[in-house]
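Each chain is listed here by its residues.
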Amino acid sequence: MVTAPAPAPAQPGRGLTAPSTHKGMRAARRSLRMHWQLYLLMLAPIAYFVLFKYWPMTNAVIAFKDYNVVDGVWGSDWSGFRHFERFFDNPVFVNLLRNTFVLSAYVLLASFPIPIILALALNEVRLKFFKRTVQMVTYAPYFISTVVVVSMTILFLSPRLGLASDALAIFGIGSIDFLSEPDFFRHIYVWSDVWQTAGYSAVIYMAALSGIDPTLYEAAKVDGANRLQKIWNIDIPGILPTATVILILGVGNVMAIGFEKAFLLQNTLNMSQSEIIPTYTYRIGLLNADFSQAAAIGLFNSVINLVLLVSVHLIAKRATGRGLW
Amino acid sequence: MKIKERGFDRVFMVGVYILLTTFLLVVLLPLVYILASSFSDPRAVSAGRVALWPVGFTLDGYRTVLQDPQILTGFSNSLFYTVVGTTVSLILTVAIAYPLSRKDLWGRGAIALGIVFTMLFAGGLIPTYLVVQELGLLNTRWALILPQAIGVWQVIIAMSFFRVSIPDELYEAAQLDGSSDLRFLRSVVIPLSKPLLAVIALMYAITQWNSYFDALLYIRNPDLYPLQLVLRNILILNQSVTGMDATEMLRRQELADLLKYSLIVVATVPVMLIYPFVARYFTKGVMIGAVKG
């Protein structure tokens, strides 16, 4: 058996850190010759990203134009920052910004601690059957669609059919139409969200908990620590890095709250609190067909989100020595 | 001293079990209630007399659901979108993730950066809509398959899986044997990555089955509606109640109420059937993602 030296595999990252362009070019040519099949394979996915991700970014230029169908994206007249000014001057602007921000912050505050508590409690349980049942059941709603979760919420809260009004009746309170009361919108949104995702989010913490060094627990046992002390001194420090990353990600995405659920829970009566930037963009863009204005609002939101993510990343890096990427 | 501590621990554990049981019930009871209602007499449902067990057992709700052409069309459309969409997504994801996982590929850093950047910044709703329009996809089935075909998260998961679990030695040996990159991918990498491919396929399938937003944007023709959009029209917008005389109205109203519960069950059962399988693999997927994140 001849063990000839393999045709030296290229050094990792050589092409990227090439000291001179000449050397870089050579590495590129070599890689292309050796791996042309892989480059060919990447063509379709790269085309996907160019078409559906980067092309829309160039189309966003209509935020600075008066888009009309006849002239197209590049043929329409420039309008400068007029669409942005129109949005900022609109009396709904402050309200929209507040609704979006308050809703996301509330989601973050409620959905951050609960999975941690769930995971810490599950971690104490030694009854395998009970533990597995709780995990399986609380995990399941994550896979139910938003449409179905919202439908269930509406069914429960509707004054005619719902359980909620029956429960209120027991306490002698007349039925309340929760869905058309603006003040209830955020609570409904957030708590149905917690109902749906707490079990799923707990999985990540369970993984972090299972990675804790068992000798720590033995040491704690020798010291005579009780369960609460063990949780406080071992478990919580053990999941802190994971929790920090998740919290930071949440803060960074505070303006990226989704369209889907808010749109479904919206009705004409709760609009004063349920209208957020994504749903407003949809209304302006597709229902009113004001493409340029909608693109400007979308761009404004994307930029704020990017700035938030990057600054949160930088702060995290400085504070913990560990950023998001 | 010892006894006192054990006493505290016992009280503490009672608290833990109470907490977890509450959690369990809060998640479980709404689901049981929906299930019980879906098998109940329409009048009992409308009057709110159903709790956790069917009252006046009947399959009327399901019969109505299965006779509605709109729902049947939606169901088969969703099946189509899920099967075709998942296949397309899976192929494209492997086609980008495998090359990017190869350390000796020139330019992979730049391509990976270009892909991850799309997670941080997006053109927005209307600019994307214009692309779909320009490509002539509006109001076609492709509009629900192509624009969301690749998930960046899935690419990252697949990339780290390939990098960690396909040893370099295997590739070097294959190279010595004169095997090409594509052959290596087909006959070594893919057979070794079945659990990963299962995770990713399930992620795509569930997302596709559950989504309604793209259909709301891009599809006008009701014959192409996926089930979730049909559900939204029936469950949330309350369509289908038409004017007629009072008793007929009442009967229809009762049936319409019942239908909602049955519909929820029908729409959720396919996902719940694969759930035990999904749960096992998904946990792994979350782990891989968590390690990266």
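Rules of the game
- Residues numbered from 1 in each chain as written.
- Chains lettered and ligands numbered in written order.
- Predicted model: local features only at pLDDT ≥ 70, side-chain atom pairs only at ≥ 80, totals over all residues.
- Helix = DSSP H or I, 4+ residues; strand = E, 2+ residues; numbered from the N terminus.
- Rg over C-alpha atoms; globule rule 2.2 N^0.38 Å.
- Buried ≥ 20, exposed ≤ 12 C-beta atoms within 10 Å, placed from the backbone.
- Contact = placed C-beta atoms within 7 Å.
- Domains from an automatic or database assignment.
- Nonpolar A, V, L, I, M, F, W, Y, C, P; charged D, E, K, R; others polar.
- Axes fitted to C-alpha atoms, helices over the stretch in contact; angles between N-to-C directions.
- Parallel < 35°, antiparallel > 145°, perpendicular 65-115°, else oblique.
- Left-handed = near helix turned anticlockwise from the far one by under 90°.
- Expected span 1.5 Å × (residues − 1).
- Arc of directions from axis to C-beta.
- pLDDT = per-residue confidence, 0-100.
- Bend = angle between axes of the 7 residues up to and from the residue.

Engineer: Help me understand the overall build of chain A, please; the structure alone is not making it clear to me.
Structural biologist: If you tally the helices and strands in chain A, you get 16 helices and two strands. In summary, chain A has a C-alpha radius of gyration of 27 Å against a globular reference of 20 Å for 325 residues, an excess of more than 25%. In terms of overall dimensions, chain A has a C-alpha envelope of 85 × 75 × 40 Å along the principal axes. Counting across all 325 residues of chain A, residues that qualify as buried make up 35%. If you take every contact in chain A between residues at least 6 apart in sequence, the share linking residues at least 24 apart comes to 64%.

Engineer: Where do I start with the overall build of chain B in this structure?
Structural biologist: Summing up its helical and strand segments, chain B has 13 helices and zero strands in all. Order of helices (α) and strands (β) in chain B, N terminus to C terminus: α-α-α-α-α-α-α-α-α-α-α-α-α. Every one of the 293 residues in chain B was classed for burial, and the buried ones make up 39%. At a minimum sequence separation of 6, the contacts of chain B that also span at least 24 residues come to 72%.

Engineer: Looking at this structure, how should I read the domain arrangement of chain A?
Structural biologist: Buried accessible area, meaning the area lost when the parts come together, often serves as the stated size of an interface. All names here are of chain A. By the assigned domains, chain A splits into domain 1 (21-78) and domain 2 (82-320). Placing the centre of domain 1 and that of domain 2 at their C-alpha centroids yields a distance of 35 Å. Classifying every residue of the side of domain 1 that touches domain 2 gives four nonpolar, no polar and two charged.

Engineer: Please explain the packing of helix H4 (residues 69-101) of chain B against helix H7 (residues 152-165) of chain B as it appears in this structure.
Structural biologist: Two numbers describe a pair of packed helices, the interaxial angle and the distance between the axes. Residues and elements named next belong to chain B. Between H4 and H7, the shortest axis-to-axis distance is 8 Å and the interhelical angle comes to 45°. By the angle between their directions, the pair H4 and H7 is classed as oblique. Between H4 and H7 lies a crossing whose hand is right-handed. In this structure, H4 contributes Thr-93, Val-94, Ile-96, Ala-97, Tyr-98, Leu-100 and Ser-101 to the contact, and H7 contributes Gln-154, Val-155, Ala-158, Met-159, Phe-162 and Arg-163. Class assignment of the residues belonging to the contact of H4 with H7 gives a composition of nine nonpolar, three polar and one charged.

Engineer: Looking at this structure, I do not really get the interface of chain A and chain B. What am I missing?
Structural biologist: With 81 residues of chain A in contact, the opposing surface of chain B contributes 76 residues. No other element matches the 16 residues that helix H2 (residues 36-59) of chain A contributes to the side of chain A that touches chain B. Tallied by class, residues from the side of chain A that touches chain B come to 60 nonpolar, 16 polar and five charged.

Engineer: How should I be thinking about the domain arrangement of chain B in this particular structure?
Structural biologist: All names here are of chain B. Here chain B is described as being made up of domain 1 (2-38) and domain 2 (71-292). The interface is formed by four residues belonging to domain 1 together with four residues belonging to domain 2. Of the residues assigned to the side of domain 1 that touches domain 2, the class counts are two nonpolar, two polar and no charged.

Engineer: What should I look at first to understand the environment of B:Gly74 in this one?
Structural biologist: Residue and element names in this part refer to chain B. Take Gly-74: it is sitting in helix H4. Here Gly-74 falls in the buried class, since 25 other C-beta atoms lie within 10 Å of it. As for Gly-74 and Val-164, which are separated by 90 residues in sequence, their C-alpha atoms are 41 Å apart. Ignoring anything within four residues of it in the chain, the contact list for Gly-74 reads Tyr-225, Pro-226, Leu-227 and Val-230.

Engineer: What am I meant to see in helix H5 (residues 92-111) of chain A here?
Structural biologist: The α-helix advances 3.6 residues per turn, and as a result positions three or four apart in sequence lie on the same side. Residue and element names in this part refer to chain A. With 20 residues, H5 extends 28 Å between its outermost C-alpha atoms, agreeing within 8% with the 28 Å of an ideal straight helix rising 1.5 Å per residue. Along H5, the positions that sit buried rather than exposed are Leu-96, Asn-99, Thr-100, Leu-103, Ser-104 and Val-107. Projected down its long axis, H5 shows its buried positions confined to an angular sector of 110°, all on one face. Away from its buried face, by an angle of more than 90 degrees, H5 presents the exposed residues Val-94, Arg-98 and Leu-109.

Engineer: What is the right way to read unusual backbone geometry from this model?
Structural biologist: In terms of backbone geometry, most residues other than glycine have negative phi values and most peptide bonds are trans. Non-glycine residue A:Ala289 carries a positive phi angle of around 55°. Within the fold, A:Ala289 resides in the loop between helix H15 (277-287) and helix H16 (291-320). Taking the C-beta count within 10 Å as the criterion, A:Ala289 has 11 such neighbours and is therefore assigned exposed. Non-glycine residue B:Asn139 carries a positive phi angle of around 65°. Topologically, B:Asn139 is positioned in the loop between helix H6 (125-134) and H7.

Engineer: Would you explain the environment of A:Val312 in this entry?
Structural biologist: Residues and elements named next belong to chain A. Note on placement: Val-312 falls in helix H16. A tally of 20 C-beta atoms within 10 Å means that Val-312 is categorised as buried. In this structure the C-alpha to C-alpha distance between Val-312 and Leu-109, which are 203 residues apart in sequence, comes to 17 Å. When neighbours within four sequence positions are excluded, Val-312 is seen to be in contact with Ile-248, Val-251 and Gly-252.

Engineer: Help me understand the confidence of the model for chain B in this model?
Structural biologist: Caution applies to low-pLDDT regions: their predicted coordinates should not be interpreted in detail. All names here are of chain B. Scored by pLDDT, chain B comes out at a mean of 85, with 90% of its residues at no less than 70. Mean pLDDT values over the elements of chain B span from 73, in helix H13 (residues 246-292), up to 95, in H4. As scored by the predictor, the complex reaches a pTM of 0.85 and an ipTM of 0.87.

Engineer: Help me understand the confidence of the model for chain A, please; the structure alone is not making it clear to me.
Structural biologist: In this model, chain A carries a mean pLDDT of 85, and residues with pLDDT of at least 70 account for 91%. Contacts for the low-pLDDT stretch residues 1-18 of chain A, under 50 throughout, to residues beyond four places or in other chains number 21 contacts.

Engineer: How do you make sense of helix H10 (residues 182-210) of chain A when you look at a structure like this?
Structural biologist: Relative to the 42 Å expected for 29 residues at 1.5 Å per residue, H10(A) spans 43 Å between its end C-alpha atoms, a close match to the ideal helical length. At A:Thr197, H10(A) shows its maximal kink, close to 50°.

Engineer: I keep staring at the packing of H2(A) against helix H5 (residues 108-120) of chain B and nothing clicks. Help me out?
Structural biologist: Running from amino to carboxyl end, H2(A) crosses H5(B) at an angle of 35°, the nearest separation of the two axes being 11 Å. Like other packed secondary-structure pairs, H2(A) and H5(B) cross with a definite hand, here left-handed. Along its contact with H2(A), which presents A:Ile46, A:Phe49 and A:Lys53, the element H5(B) presents B:Ile111, B:Gly114, B:Ile115 and B:Thr118. Its residues assigned to classes, the contact of H2(A) with H5(B) shows four nonpolar, two polar and one charged.

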